[in-house]
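# Secondary and tertiary structure notes
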Amino acid sequence: MTNLIDALHECDPKALILASAQQVLLDGIKDDQLPDITVIVEKPQAPVAARNAKRPGVTVLHVSDDGDAMLLLATALERLLRPRPRAIVMPRAPQGETLLVGSGIVNLVTALDLVKAGHEVTVVDRMPNPLEIDSFDRLQTGATFGGMDARIFSLNESRHHLFRGHASNVAAHQPFRKRVSDAGWLSRDHAEMSAEEQRWIDRLEGLPGWLSGVYNTDIVSQNQASAGMWDALFAQHPQLLRGVNYNPTLLRIYQSEASFDAAQRLERHLGAFRRVIANHELAQLQPCFAEAIAAGAIAGALEVEGFSLNIKSFSRNFIRVLSGMGVRFRWNTAITALCSDDAGRITGLRAGDEVLRVANVVLCPGAHAGLTCGTLEALSDISSMVGMWITLPNEHLPLSVPLKIRRRGFGASQAAEGANIIPGRDAQSRPVIYCSSGHGYVGLTPDRVSQAGLHELLTCIKDTSRELFPDKYAEAERRGMLDVEPEYCIRPWTSSGLGLFDRFDMANGGQLVLTGGHNTGGFAQAPSVACAVRDALRGVTPHMAEIYHPQRADTFLL
């Protein structure tokens, strides 16, 4: 017992995990010998737990005895040890504009929420006005206006992409040290990456499987919350959906029986499941699949909750609606630095020779921050992931619903396990389907994409498109649609797999709120992010500030 007392005082732990039979150990320790501690017990023995819970400095947490006890205990411990958001101190409410940096879909939805809450809103972005131009420099444009004009919402759209079960070991497989073609996630060779990029990979691969499962649950909860918010947004502002090819039906297609069986359990668990679609019915509903079904390329299909739309057209509608509500947009305006005082509080934002001084700031930079400011260390954790797109014609036997594909074949075990196929119309209003697949890590800055080998991601989406739509693929080849340089977009990722949400007191009494790093799911979670920003700016600490805390993973990685 003396050894236990000495160990508790030497280590000064925040928590002690005990199995049922071990709870009696605390009975042998006097109150003045026991440090302040939280005791997490598996199956509490009522008399013992009750005694210990009354002891000064002791907090007893009980976990359910259902399922994997150690997983439940570890999850309770993570909840206890995770960092808490900074307290919101609002000595005065500054008057003036709230400046949103970035015109991606997350900030556009946030701007709408803030205008409704009474904020005077200005949005700045370095890109040109998308109402006046159709073509953009991909290295100067975020994911919303980069890539192709298509996006899908689903309940697990921005899941933790490395979660492969609670017992999985990411480090053992080292997926971020292998190219896409070698069952990995890299579009650049690991040996070519900087020491800083390799440290980012070490952190990502050091995440235990059980912890990525905890994170996955939290991420998906934000998608689930956003689903009803999207419905409300569309009902309140139907003009947002004009000309965007909105489609409220989503199918998931599986190319193996194993993935089809597993998916049914998962989609039911998420609350996304609507129905199973047998192959003969699928061929009737979508005749374009008849050839693929006959060739054995489709094992099963599910209808699930979700929708698709043309994201660029949708965002342009958003800009028009916001402008009509008094929101100001400043295009071709790059924010290059955050100015701060001696105490580290933000005093303004530098745009060229101009310093912008505003009441509040909402910063959602995607992968393109390029800011200098030691105060926002979380920005250094945002890395760049490239996604590839091709376009196929959709006139003959047209596909009429968006698809999420669980792929097989080249690169299908890791970064390119899925594919999105979205019907829409191109810039000339011709019916097309936009096909994307895979994520390729390119490094801590988007310009590293110039060093990346993107042909592997292109092979992934070409192989799947050719297998599922052989006639459309052949027609695309005949028209030369596949001879042009493929489109890609660059999306923000973090080493934890979580999004980012943080806030800072500004020198003027206002707040700077940082969001982003949504790991390919910013669109899906945009309404939840907007709600969290609105709450933070009115003095309420949102739940997102805890689950997306920039230092959340540090407790288990350092």
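Structure: above.
Residues numbered from 1 in each chain as written. Predicted model: local features only at pLDDT ≥ 70, side-chain atom pairs only at ≥ 80, totals over all residues. Heavy atoms only, no water.

Further remarks concern unusual backbone geometry. Although it is not a glycine, A183 adopts a positive phi angle of roughly 60°. Residue placement: A183 occurs in the loop between α5 (170-173) and α6 (195-205). Note on A183: relative accessible area 33%, which makes it partly exposed. Positive phi values are uncommon outside glycine, yet L397 reaches one of about 45°. Mapped onto the elements of the fold, L397 is located in the loop between β16 (383-393) and β17 (403-406). (Helix = DSSP H or I, 4+ residues; strand = E, 2+ residues; numbered from the N terminus. Buried < 20%, exposed > 50% of the residue type's maximum accessible area, 1.4 Å probe, protein only.)

Here we come to the pairing of strand β15 (residues 360-363). Where a strand is regular, its side chains alternate between the two sheet faces. Burial along β15 is two-sided: the residues N360 and V362 and V361 and L363 are all buried. By the bridge criterion, three bridges tie β15 to strand β22 (residues 511-516) in an arrangement that is parallel. The residue bridging L363 from the neighbouring strand is L514, located in β22. (Pairing = 2+ DSSP bridges.)

Moving on, we come to the packing of helix α4 (residues 105-116) against helix α14 (residues 522-537). The geometry of α4 relative to α14 is characterised by a closest axis approach of 8 Å and an angle of 40° between their N-to-C directions. In this view, α4 runs oblique relative to α14, as classed from their interaxial angle. For the element pair α4 and α14, the recorded crossing hand is right-handed. From α4, I105, V106, V109, T110, D113 and L114 reach across to α14, where they touch G522, F523, A526, P527, V529, A530, C531, V533, R534 and L537. Across the contact of α4 with α14, the residue classes break down as 12 nonpolar, two polar and two charged. (Axes fitted to C-alpha atoms, helices over the stretch in contact; angles between N-to-C directions. Parallel < 35°, antiparallel > 145°, perpendicular 65-115°, else oblique. Left-handed = near helix turned anticlockwise from the far one by under 90°. Contact = heavy atoms within 4.5 Å. Nonpolar A, V, L, I, M, F, W, Y, C, P; charged D, E, K, R; others polar.)

Quick look at the pattern of salt bridges now. A full pass over the atoms with the stated rule returns 35 salt bridges. Among the salt bridges present, the one from D134 reaches R316, with a minimum N-O distance of 3.6 Å. Pair noted here: D134 is in the loop between β5 (120-124) and β6 (151-154) and R316 is in helix α11 (residues 311-324), with a separation of 182 residues, a long-range link. Using a relative accessible area of 63% as the deciding quantity, one classes D134 as exposed. Between D202 and R177 there is a salt bridge, and its shortest N-O distance comes to 2.5 Å. Here D202, found in helix α6, pairs with R177, found in the loop between α5 and α6; they are 25 residues apart in sequence, far enough to count as distant. On the accessibility criterion, R177 (28% relative accessible area) is partly exposed. Each of the salt bridges in this network shares a partner with another, and the network as a whole consists of E78, R82, R84, D218, E546 and R552. (Salt bridge = Lys/Arg side-chain N within 4 Å of Asp/Glu carboxyl O.)

Here we come to the side chain of S187. By the secondary structure assignment, S187 is in the loop between α5 and α6. Beyond its immediate stretch of four places on either side in the chain, S187 contacts R179, V180, V386, G440, Y441, V442, A452, G453, L454 and L457.

This paragraph deals with helix α13 (residues 470-479). Among the residues of α13, those classed as buried are K472, Y473 and A476. Along α13, the residues classed as buried sweep out an arc of 100° about the axis, all on the same side. Those residues of α13 that are buried are in contact with β16, β19 (431-443) and α12 (455-468). Backbone geometry just after α13 places G480 at a positive phi near 80°. (Arc of directions from axis to C-beta.)

Attention now goes to the sheet that holds strand β13 (residues 346-351). Sheet strands line up and pair through hydrogen bonds in the backbone, either parallel or antiparallel. Strand order in the open sheet made by the three strands is β12-β13-β14, with antiparallel pairing throughout. Strand pairing shows two members of the sheet lacking a second neighbour, β12 (337-340) and β14 (354-356), which therefore form its edges. On average, each strand axis in the sheet is tilted by 35° relative to the strand beside it, whichever way the strands run. Sheet analysis places β12 next to β13, joined by four bridges and oriented antiparallel. What sits directly across from L338, in β13, is L349.

With that out of the way, let us pick up the packing of aromatic side chains. This structure, assessed with the given rule, holds 20 aromatic pairs. Consider the rings of F153 and F307, whose centres lie 5.2 Å apart with planes at 15°: the pair is stacked. You can see F153 sitting in strand β6 and its partner F307 sitting in strand β10 (residues 306-309), a full 154 residues away along the chain. For the pair F153 and F307, one class covers both residues: buried. Measuring from ring centre to ring centre gives 5.0 Å for W230 and F523, while their planes differ by 40°; the resulting arrangement is tilted. (Phe/Tyr/Trp six-rings, centres within 6.5 Å; stacked < 30°, edge-to-face > 60°.)

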